[in-house]
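Residues per chain are reported as follows:
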Amino acid sequence: MPKHLSDSTILNNDVRMPWFGLGVWKATEGGEVERAVRTAIELGYKSIDTAAVYGNEAGVGQAIKDSGVAREELFVTTKVWNSNQGYDTTLQAFEESRNKLGLDYIDLYLIHWPVKDKYKETWKALEKLYRDGSVRAIGVSNFQVHHLEDLMQGSEIVPAVNQVEYHPRLSQRPLHDFCRKNRIQLEAWSPLMQGQLLNNPLLIEIGEKHGKNPAQIILRWDLQNEVVTIPKSVTPERIAQNADVFDFELSSEDMERIHTLNLDQRVGADPDNFNF
């Protein structure tokens with residue numbers, strides 16, 4: 001169980017990935033994203049998650065450069081967007097992302113969504129990037145069990161990570177069980193349900209018991225469920241608060257009570273009904 005911000009999970013290829021990181025979705029390119037990433041790194045964050053479609057890879061790269069922290073101490077994730085999927089176009093998109101980030105290699109490269117009839121060719125490109133040493137680990141995002149089963153059939157490499165919408169209203173237990181069985185690390189995007197759970201009475205009650213706010217309770221719940229989590233914020237105070245989740249532990253009763261909030265409810269798109 002993670003006890004420090006710097007603690008890592010070990011992926012299925014033995015690469016270490018921090019349990020906790022900063023997401024930068026909707027952080028504006030330039031000053032905003034640079035300040036957020038610099039703040040996070042100063043606070044001890046080691047993991048930064050971006051994507052080509054976020055339009056802020058250059059800012060993330062600049063902040064990493066400005067931080068003065070050794071490259072090997074950080075874990076950087078980015079993703080190939082839907083319109084770039086396919087073998088050659090993915091390889092091209094990767095080079096664009098790498099150049100914008102200003103990095104020699106990417107720690108984790110993900111397929112952003114399971115675009116039908118394209119994600120298998122895209123995966124072949126990711127396998128090449130992995131074999132070439134351009135990325136330390138490869139994975140997927142928003143893949144359901146049937147997508148993973150299809151992808152793994154005939155592939156050489158099992159995805160190291162599956163990053164999905166995950167929060168107490170969408171606990172995705174069957175998907176989580178499948179990932180565990182296949183040594184695919186589950187990772188949560190939108191862990192706070194875009195703020196929709198912060199006034200939830202149960203989370204407030206559990207928070208009062210531990211001297212924590214509802215966001216911190218949710219993030220701790222993620223970690224104790226062995227789910228990597230990357231809350232997004234551009235506010236320094238919030239970035240610090242989000243990471244203040246390593247000095248307490250939820251009881252098994254707390255954990256199960258939070259699980260009862262599940263409604264299979266999404267705030268993002270459904271991977272099976274997404275307009276690709």
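Please read all numbers here as calculations on a predicted model, not as lab measurements.

1. Description of the packing of aromatic side chains
Alright, step 1. Evaluated as defined, the whole model comprises 6 aromatic pairs.
Alright, step 2. When the ring of Phe20 is compared with that of Phe246, the centres are 5.9 Å apart and the planes differ by 75°; the resulting orientation is edge-to-face. You can see Phe20 sitting in the loop between strand E2 (16–18) and strand E3 (22–23) and its partner Phe246 sitting in the loop between helix H9 (236–242) and helix H10 (252–259), a full 226 residues away along the chain. Accessibility classification places Phe20 together with Phe246 in one group, the buried group.
Alright, step 3. Between the aromatic rings of Tyr119 and Phe143, the centroid separation amounts to 5.2 Å while the plane-to-plane angle is 65°, which identifies the pairing as edge-to-face.

2. Overview of unusual backbone geometry
Alright, step 1. A positive phi angle is found at Asn142, which is not glycine, with a value near 65°.
Alright, step 2. Relative to the elements of secondary structure, Asn142 occurs in the loop between strand E7 (135–141) and helix H5 (145–152).
Alright, step 3. At Gln194, a position not held by glycine, the phi torsion is positive, near 50°.
Alright, step 4. The exposure class of Gln194 is partly exposed, given its relative accessible area of 45%.

3. As for the environment of Asn225
Alright, step 1. Tracing the sequence through the fold places Asn225 in the loop between helix H8 (214–224) and strand E10 (228–229).
Alright, step 2. Asn225 gets classed as buried once you look at its relative accessible area, which sits at 10%.
Alright, step 3. Between the C-alpha atom of Asn225 and that of Met1, which follows or precedes it by 224 residues, the distance is 9.0 Å.
Alright, step 4. Setting aside anything within four residues of it in sequence, one finds Asn225 in contact with Tyr166, His176, Arg180, Met255 and His259.

4. Things to note about H10
Alright, step 1. Residues of H10 that are buried include every one of Asp254, Met255, Ile258 and His259, and no others. One side of H10 carries all its buried residues, which in axial view fall inside an arc of 140°. The exposed set on the far side of H10, more than 90 degrees from its buried face, consists of Ser252 and Glu253.
Alright, step 2. In this fold, the buried residues of H10 make contact with helix H6 (173–181), helix H7 (201–210) and H8.

What counts and how
- Residues numbered from 1 in each chain as written.
- Predicted model: local features only at pLDDT ≥ 70, side-chain atom pairs only at ≥ 80, totals over all residues.
- Heavy atoms only, no water.
- Phe/Tyr/Trp six-rings, centres within 6.5 Å; stacked < 30°, edge-to-face > 60°.
- Helix = DSSP H or I, 4+ residues; strand = E, 2+ residues; numbered from the N terminus.
- Buried < 20%, exposed > 50% of the residue type's maximum accessible area, 1.4 Å probe, protein only.
- Contact = heavy atoms within 4.5 Å.
- Arc of directions from axis to C-beta.

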